[in-house]
Amino acid sequence: MSFISEINRRRTFGIISHPDAGKTTLTEKLLLFGGAIQEAGAVKSNKIKKTATSDFMEIERQRGISVSTSVLAFEYNGIKINILDTPGHKDFAEDTFRTLTAVDSVIVVIDVAKGVEEQTEKLVEVCRMRNIPIIVFINKMDREGKDAFDLLDEIEQKLGLRVTPLSFPIGMGYDFKGIYNIWEKNINLFSGDSRKNIEDTLEISDLNTEELDILVGKTSADTLREELELIEGVYPKFNKDEYLNGTLQPIFFGSALNNFGVRELLDCFIEIAPKPRPKQSEERLVNPEETKFTGFVFKIHANMDPKHRDRLAFIKIVSGEFKRNTPYLHVRLNKKLKFSSPNAFFAEKKQIVDVSFPGDIVGLHDTGNFKIGDTLTEGEILNYQGIPSFSPEHFRYINNADPLKSKQLNKGIDQLMDEGVAQLFTLELNGRKVIGTVGALQYEVIQYRLEHEYGAKCTYENLNVHKACWVEPEDVKSEEFAVFKRVKQRFLAKDKQNQLVFLADSLFTLQLTEEKYPTIKFHLTSEFK
Ligand code: G4P
């Protein structure tokens, strides 16, 4: 197969949702369709159950599982599908944000009863910022939930999306009769008896056919006709270009657990979802069809074995072919590296591969050369645009608890930050180190890993910070900026990229500071240029 055909047949995407909406279940059903797994239950959930939120042994166990589910690749109708796994637990939201830099599209799963939840809002916002094409799957239609139209309104308002249903439910919960597939113009009946079996898809080209009344009952059939008329009148028609540039989002309904509506989703997905997309680097836009290899690190996974500090760096291939045992330039280090055993991922298995193509993810064994965001090329100096950091929610000083091990501690902190476990801020005033995290859970992970992987001990001290704000002065030489730096000296820090950050202790302080220094901008993300 030619290089171009290999690119054209790849679809690399992520499934995002609030925990418990059904991401793991949907992933598993997609894999079943691809024949990548033989039975349900084969994909282990890598979510950390609520009951175990403070149990770090559980985290270690889960880390092991999530290596194998980091990328799930399978073939379906000649299409190579790469699903990038995103952690469901909100304390690991940063991981998910980073994974979103490596996907070409996403499927958002929403629980019909719960509607749009907090985590979904945040994640969709990141997708919108990056114009990532989105398909929404409304799950658990076998349960009582919100009215479909209300839910569409909620999605439009809370997520800021412009939606167009490509399928529509007939009833819901106890009364759930099936789904009308607007995309394929057919009907899929949910068996009323066992609530488990699915009847075959029935072609319904004319909605006024009496057959529909017989199949779902006159009342339901009439309701469906009215609803579809409403959809046609109110919602925009599906347009592939609008979907691809992120301005229109198709909606599907179904029940992942019952494998209902999933095939329709997948069939539509492979037809409309984008093949690997061009990616912006600081220097230029890079097209997947370019023959020279380029790629970037979006995730680093520490190995489970504490004796060997080797890690797996996940590279998304942006252009060209990535070949085994070929020297590539590590741009940040200006060093040529070659990799004798790059891993590709097939369903739950890892396997050494000789060649990978744009859209694919390879896992490279790493002994500390890689940081998240690093770029590999065949020689060109190219830096894929930084992966943004968002303001953490929690802040603590980190102290050395064993003075003889300060070297180990510093090395450990450095490497864990490179992996993206948390963010490090160094105070301008006294050089003290502050660790910022999305969830309190990470502090335990860091402490545990510093001890077990680096032999270092740490303690924490609370620090009252509301948000970390990246500082952007209109003019670095202005008097106003000089005053700001002097007055706020105690609250200024540098992040790992040496960018200036203001640690605001309350929303009030932040607002006051913004008013007082109007020529300085305060951003909640490091990516603002
Ligand atoms: P997540 O990865 O998004 O966190 O969700 P996951 O797939 O683990 O699903 C969360 C729960 O919702 C699971 O139940 C799962 O069985 C259930 N679920 C998923 N899809 C559907 C659906 O279409 N209908 C119904 N009724 N339930 C669904 P659990 O009891 O938490 O876990 P388990 O013991 O079944 O694994």
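Residues numbered from 1 in each chain as written. Predicted model: local features only at pLDDT ≥ 70, side-chain atom pairs only at ≥ 80, totals over all residues. Heavy atoms only, no water.

Caption draft 1: Region of interest: the layout of surface pockets. Within this model, the second largest pocket holds a volume of roughly 520 Å³. As for the second largest pocket, its lining consists of 20 residues, of which Ile182, Lys185, Leu228, Glu232 and Lys237 are closest to the centre. Counting residues per element, the ones that place at least two in the lining of the second largest pocket are β6 (163–165) and α8 (218–234). At 5 residues, the largest contribution of residues to the lining of the second largest pocket is made by α8. The residue makeup of the lining of the second largest pocket, split by class, is 11 nonpolar, 3 polar and 6 charged. (1 Å grid on protein atoms, 1.4 Å probe; cavity = no way out; pocket = protein on both sides within 12 Å on 5 of 7 lines; lining within 4 Å. Points joined across faces, edges and corners; volume = space filled by probe spheres on them. Helix = DSSP H or I, 4+ residues; strand = E, 2+ residues; numbered from the N terminus. Nonpolar A, V, L, I, M, F, W, Y, C, P; charged D, E, K, R; others polar.)

Caption draft 2: Fine view of the sheet that holds strand β5 (residues 134–139). With mixed pairing, 7 strands are arranged side by side in an open sheet as β2-β3-β1-β4-β5-β11-β6. The open sheet terminates on both sides in strands that have one partner only, identified here as β2 (71–76) and β6. Along the sheet, successive strands turn relative to each other by an average axial angle of 25°, direction set aside. Relative to strand β3 (residues 79–84), β2 runs antiparallel, the two being bridged by 6 bridges. Considered in β3, the bridge of Val71 is made with Leu84. The strands touched by helix α5 (residues 118–129) are β1 (10–17), β4 (105–111) and β5; relative to β1, the strand with the most contacts, the crossing angle is about 145°. (Pairing = 2+ DSSP bridges. Axes fitted to C-alpha atoms, helices over the stretch in contact; angles between N-to-C directions. Contact = heavy atoms within 4.5 Å.)

Caption draft 3: Spotlight on the sheet that holds strand β30 (residues 500–504). The strand order across the open sheet formed by 8 strands is β27-β24-β26-β25-β29-β30-β28-β31, and the pairing between neighbours is antiparallel. Two strands in the sheet have a free side with no partner beyond their single neighbour: β27 (458–462) and β31 (520–523). Strand-to-strand twist of the sheet, defined as the mean angle between neighbouring strand axes without regard to direction, takes the value 40°. Where strand β25 (residues 423–427) lies against strand β26 (residues 433–437), 4 bridges are found, and the strand directions are antiparallel. Its bridge partner lying in β26, Leu424 is registered against Ile435.

Caption draft 4: Here's a closer look at helix α6 (residues 148–159). Look at α6: 16 Å from first C-alpha to last across 12 residues, which is about the 16 Å you get at 1.5 Å a residue. What α6 keeps buried is the set Ala148, Phe149, Leu151, Leu152, Glu154, Ile155 and Leu159. Residue Asp147 occupies the N-cap position of α6, its side-chain oxygen lying 3.1 Å from the main-chain nitrogen of Phe149. Trailing α6 by a residue or two, Gly160 shows a phi angle of about 65°, which is positive. (Expected span 1.5 Å × (residues − 1). Buried < 20%, exposed > 50% of the residue type's maximum accessible area, 1.4 Å probe, protein only. Polar contact = N/O pair within 3.5 Å; in protein donor to acceptor, adjacent residues only side chain to side chain.)

Caption draft 5: The site of the ligand, seen in detail. The environment of the ligand is made up of 17 residues, and the closest members are Asp20, Lys23, Thr24, Thr25 and Ser255. Within the backbone of Asp20, one N or O atom sits 2.6 Å away from an oxygen atom of the ligand. Residue Ser255 places a side-chain N or O atom 2.7 Å away from an oxygen atom belonging to the ligand. Protein coverage of the free-state accessible area of the ligand, which is 700 Å², stands at 70%. Here the shell around the ligand gets 3 residues from one element, more than from any other, and that element is helix α2 (residues 23–33). Its residues assigned to classes, the shell around the ligand shows 4 nonpolar, 7 polar and 6 charged. (Near = heavy atom within 4 Å. Areas by Shrake-Rupley, 256 points an atom, 1.4 Å probe, with all protein chains shown as cover.)

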